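Examining the three-dimensional arrangement
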Amino acid sequence: MDTPGLRKRSARPVKNNPIVADEAAPPIAPAVTNGPAGDVAPWYLSTTFAVAFAVVQRIIIFFWGLYQDATMTPRFTDIDYFVFTDAARFMHLGGSPYDRETYRYTPLLAWLLLPTAHEAGFFSFGKVLFAVGDIVAGILILRILKIRQVSEANAVIYSAVWLLNPMVSTISTRGSSEGLLGAMVISFVWAVYTRRLVLGGVLAGVAVHFKIYPIIYIPTVIWSLASPEKPTKATKKNPRPARKTLVQKAIGFINRDRIVFAGTAAVSFLLLTGLMYLKYGYPFLLHTYLHHLSRIDHRHNFSPYSTLLYISSSPAVTASTSSAAPVTNPFLHFITSFIPEPSKWAFFPQLFLSGFLIPVLFAKRDVTKTMFLQTFAFVTFNKVCTAQYFMWYMVLLPFYLPSIVANIGPRGKVLGVLGVIAWVGSQTLWVREGYLLEFLGVPTFYPGLFVATILFFVVNCVCLGLLIRVA
């Protein structure tokens, strides 16, 4: 693949470049063919208009949120935002962010929100920061799409699923940090695409420190940075090329690009994590990382494990597992006696699928598409899944859309529309059941919420299968 912008810099071929690669080395981003990048877009499909519209959209939603908080119930501001700002206030007073119960994040997040803790500070500073983060992510999405030779008009259309999505802008302006995390992920993807592997590694390490799940992207990028295959000479006695031994394959796997990216990512992550451990000790490790191995959140949880998590957290089950206590609920005791607590094993199938199998199968074809599939699978099989987690893969969806548009026929389009309808419909069904249970106290947990949860999981699995078919 040859990119015009890179041709101006140098006429020499660049070896093992994820943007400009020879035939022997699969490119990190194959060119897409849905319009030349130089086409002049109409004003309403220009980058400037899209970014300006996104900024205005967030400003309107931000001020509506202030009005709703002041005059209505329920409040617009996300409950997590109060957790963030409380942690920042504890830090401002000389304490630890973990003095605030349920703060399960890196202290870096609380440091960023210190302006909200001052008496003359701006309480909504974090909302503005998160909204700016998701706009930065949108701008970088546009740049990456243009690197992939997508026309400006099409790039704006594809990026709209993130940049102009009211769900994304609402979640950020409510005070969720997922927009800032999206900016971190897309920043390191942009750095890798533009051949800045040291910067990409540093940004990847920061993203993993900020929230551990981006670690699944590290093997994807490393696997994609393959050296060009050198042809093996055949001899008269052996007309077929000799097969490489496992040792030769292992040695051949190591190259400069992989060492640079993996090394800088590791140093970046370990440096940040080490500094936080020196400052806050074991509570930092416990609440930021180790907590997620055993968490049993069952509220607002779309995950198929939510029913088991709910049962295992029931006081009746806790009482029934004690030899000194009577079995107050035989049904719950029966269920939990045969199925181990999901908080201890649920991440194994999730990590195998998203952290190993998908990267091995698809990383050398296209990194961003692989990252999208990984994230979709990770969220689908996660033991805790809320609407905010959908943003993890939504920020990568614009890179998948060109392939969907180019590769599916009329039948595929019908399946795609049906998939979207099923995804939205099953989610709506869950939200209805969850609202009745968690807000109105109506006992819809079984069978209503249970059936809705399983249905949503099945729909996500079917959608994942359809997406893999066009990978």
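What you see is a predicted model, and the numbers here were worked out from it, not measured in a lab.

Rules and cut-offs
Counting restarts for each chain, with residues numbered from 1 along the sequence as it is written. Reporting in this predicted model follows two pLDDT cut-offs: at least 70 for local features of residues, and 80 or more for side-chain atom pairs to be given and counted; totals over whole chains, interfaces and linings ignore these cut-offs and use all residues. For the side-chain quantities, the full set of heavy atoms in the structure was used; hydrogens and water were omitted. Numbering goes from the N terminus for both helices and strands, where a helix is a DSSP run of H or I of at least four residues and a strand is a run of E of at least two. Only protein chains enter the accessibility calculation, which uses a 1.4 Å probe; a residue whose area is less than 20% of its type maximum is buried, one above 50% is exposed, and one in between is partly exposed. It only takes one pair of heavy atoms within 4.5 Å for two residues to be counted as in contact. Exposure was quantified through the Shrake-Rupley algorithm and a 1.4 Å probe, taking into account, for residues, occlusion by the shown protein chains and nothing else. To define axes, lines are fitted to C-alpha atoms, for helices over the stretch in contact only, and angles between the resulting N-to-C directions are given on a 0 to 180 degree scale. Oblique is the label for any angle not under 35 degrees, not over 145, and not in the 65 to 115 range, which are roughly parallel, roughly antiparallel and roughly perpendicular in turn. Put simply, a crossing is left-handed when the front helix is turned counterclockwise from the back one by less than a right angle, and right-handed when it is turned clockwise. With a 1 Å grid laid over protein atoms only, a set of points is called a cavity when a 1.4 Å probe fits there but cannot get out and a pocket when it is open yet has protein on both sides within 12 Å along at least five of seven lines; lining residues have an atom within 4 Å of a point. Grid points are joined across faces, edges and corners, and a volume is the space filled by probe spheres set on the points. Note that Gly is not counted as nonpolar here; it falls among the polar residues with everything else outside the nonpolar set of Ala, Val, Leu, Ile, Met, Phe, Trp, Tyr, Cys and Pro and the charged set of Asp, Glu, Lys and Arg. The term nonpolar core refers to a set of buried residues drawn from Ala, Val, Leu, Ile, Met, Phe, Trp, Tyr and Cys, joined through side-chain atoms within 4.5 Å. For every domain, the bounds stem from an assignment made automatically or drawn from a database. For patch detection, residues must exceed 30% relative accessible area and be free of salt bridges, and they are connected within 9 Å for like charges or within 5 Å for nonpolar side chains (Val, Leu, Ile, Met, Phe, Trp, Tyr). Salt bridges are counted wherever a side-chain nitrogen of Lys or Arg sits within 4 Å of a carboxyl oxygen of Asp or Glu. A score from 0 to 100, pLDDT tells how confident the predictor is in each residue. UniProt positions are given in the numbering used here, feature names are shortened, and annotations may be inferred rather than shown by experiment. In this scheme Phe, Tyr and Trp rings, the latter by its six-membered ring, pair at centre separations within 6.5 Å, and the angle between planes marks the pair as stacked below 30 degrees, edge-to-face above 60, and tilted otherwise. Two limits define a charge over a ring: the Lys NZ or Arg CZ must be within 6 Å of the ring centre, and within 35 degrees of the ring normal.

Some words on the overall build of the protein
Along the backbone of the protein there are 22 helices and zero strands. Here the protein holds 471 residues, and 49% of them are scored as buried. The long-range share in the protein, meaning contacts at least 24 apart out of those at least 6 apart in sequence, stands at 73%. Total accessible area on the protein stands at roughly 23700 Å², and carbon and sulfur atoms take up 69% of it.

A closer look at the packing of helix H17 (residues 347-362) against helix H18 (residues 367-380)
For the pair H17 and H18, interaxial distance at closest approach is 9 Å and the crossing angle is 160 degrees. It follows from the interaxial angle that H17 and H18 lie roughly antiparallel. Viewed along their axes, H17 and H18 form a crossing whose handedness is right-handed. Contacts between H17 and H18 involve Gln350, Leu351, Leu353, Ser354, Gly355, Ile358, Pro359 and Phe362 on the former and, on the latter, Thr370, Leu373, Gln374, Ala377 and Phe378.

Some points on the layout of surface pockets
Of the voids in this model, the second largest pocket is the one considered here, and its volume is about 840 Å³. Secondary structure elements with two or more residues in the lining of the second largest pocket: H18, helix H19 (390-394), helix H20 (401-407), helix H21 (410-438) and helix H22 (445-469). The residue inventory of the lining of the second largest pocket, partitioned by class, reads 20 nonpolar, six polar and three charged.

Here we look at the packing of helix H2 (residues 47-71) against helix H6 (residues 152-163)
Axis separation between H2 and H6 bottoms out at 10 Å; the angle between their running directions is 15 degrees. Relative to H6, H2 is oriented roughly parallel. As for the relative orientation of H2 and H6, their crossing is right-handed in sense. Listed contacts from H6 to Thr47, Ala50, Val51, Ala54, Gln57 and Arg58 of H2 are Glu152, Val156, Trp162 and Leu163. Residue composition of the contact of H2 with H6, by class: six nonpolar, two polar and two charged.

A short note on the nonpolar core
Membership of the largest hydrophobic core comes to 107 residues, with the highest contact counts inside it found for Tyr103, Ile186, Phe188, Phe261 and Phe390. The biggest single contributor to this core is helix H8 (residues 178-193), with twelve residues. For this core, the two domains that each supply at least three residues are domain 1 (178-229 + 250-294) and domain 2 (300-310 + 339-470). Those residues in contact with phenylalanine 188 that sit more than four places away from it in its chain are Gly200, Leu203, Ala204, Tyr217, Val221, Phe261 and Met371.

Here we look at a nonpolar patch on the surface
A surface patch of nonpolar side chains, amounting to about 910 Å² of accessible area, comprises Val267, Leu271, Leu275, Tyr277, Leu278, Tyr282, Leu286, Leu290 and Leu293. Secondary-structure elements contributing two or more residues to the nonpolar patch are helix H12 (256-280) and helix H13 (282-294). Ranked by residues supplied to the nonpolar patch, first place goes to H12 with five residues. With respect to the element layout, valine 267 can be found in helix H12. Classification of valine 267 as exposed rests on a relative accessible area of 55%.

Looking at unusual backbone geometry
With an omega of 5 degrees, the peptide bond running from threonine 73 to proline 74 counts as cis. Looking at the element boundaries, proline 74 is found in the loop between H2 and helix H3 (79-92). For glutamine 149, which is not a glycine, the phi torsion comes out positive at approximately 65 degrees. Here glutamine 149 shows up in the loop between helix H5 (125-147) and H6. Here the phi dihedral of arginine 195 falls at roughly 70 degrees; this positive angle occurs in a residue that is not glycine. Its location among the elements puts arginine 195 in the loop between H8 and helix H9 (197-210).

Describing the confidence of the model for the protein
With 79% of its residues at a pLDDT of 70 or more, the protein has an overall mean of 82. Every residue in residues 1-27 is under pLDDT 50, and counting partners more than four places away or in other chains gives 42 contacts. Counted against residues more than four places away or in other chains, residues 316-329, with its pLDDT under 50, gives twelve contacts.

Structural notes on the UniProt feature "transmembrane region" (unreviewed entry) in the protein
Within this numbering scheme, the UniProt entry marks residues 43-67, 120-142, 175-193, 199-226, 259-278, 345-363, 375-395 and 445-468 as carrying the feature "transmembrane region" (unreviewed entry). In residues 259-278, helix accounts for 100% and strand for 0%; the two terminal C-alpha atoms are 27 Å from one another.

Notes on the pattern of salt bridges
Enumeration over the complete set of coordinates arrives at ten salt bridges. Salt-bridge contacts for aspartate 257 lead to arginine 195; the nearest nitrogen and oxygen are separated by 2.6 Å. Placement of aspartate 257 in helix H12 and of arginine 195 in the loop between H8 and H9 is noted, with a sequence separation of 62 residues between them. The class of arginine 195 is partly exposed, set by a relative accessible area of 25%. Arginine 256 is the partner of aspartate 257 in a salt bridge, and the nearest nitrogen-oxygen pair spans 3.8 Å. Residue arginine 256 is classed as exposed on the basis of its relative accessible area, which comes to 63%. A single network of salt bridges, built from pairs that share partners, joins Asp86, Arg89 and Arg100.

Side note on the packing of aromatic side chains
Tallying each qualifying case throughout the model produces 32 aromatic pairs. Seen from their ring centres, phenylalanine 352 and phenylalanine 356 are 5.7 Å apart, and the 35 degrees between their planes marks the pair as tilted. Residue phenylalanine 352 and its partner phenylalanine 356 are both found in helix H17; the two are separated by four residues, about one turn of the helix. Aromatic ring contacts, followed pair by pair, group Tyr81, Phe82, Phe84, Tyr98, Tyr103, Tyr105, Phe123, Phe130 and Tyr280 into a single cluster. The ring centre of phenylalanine 90 lies 5.8 Å from the NZ or CZ of arginine 89, which sits over that ring.

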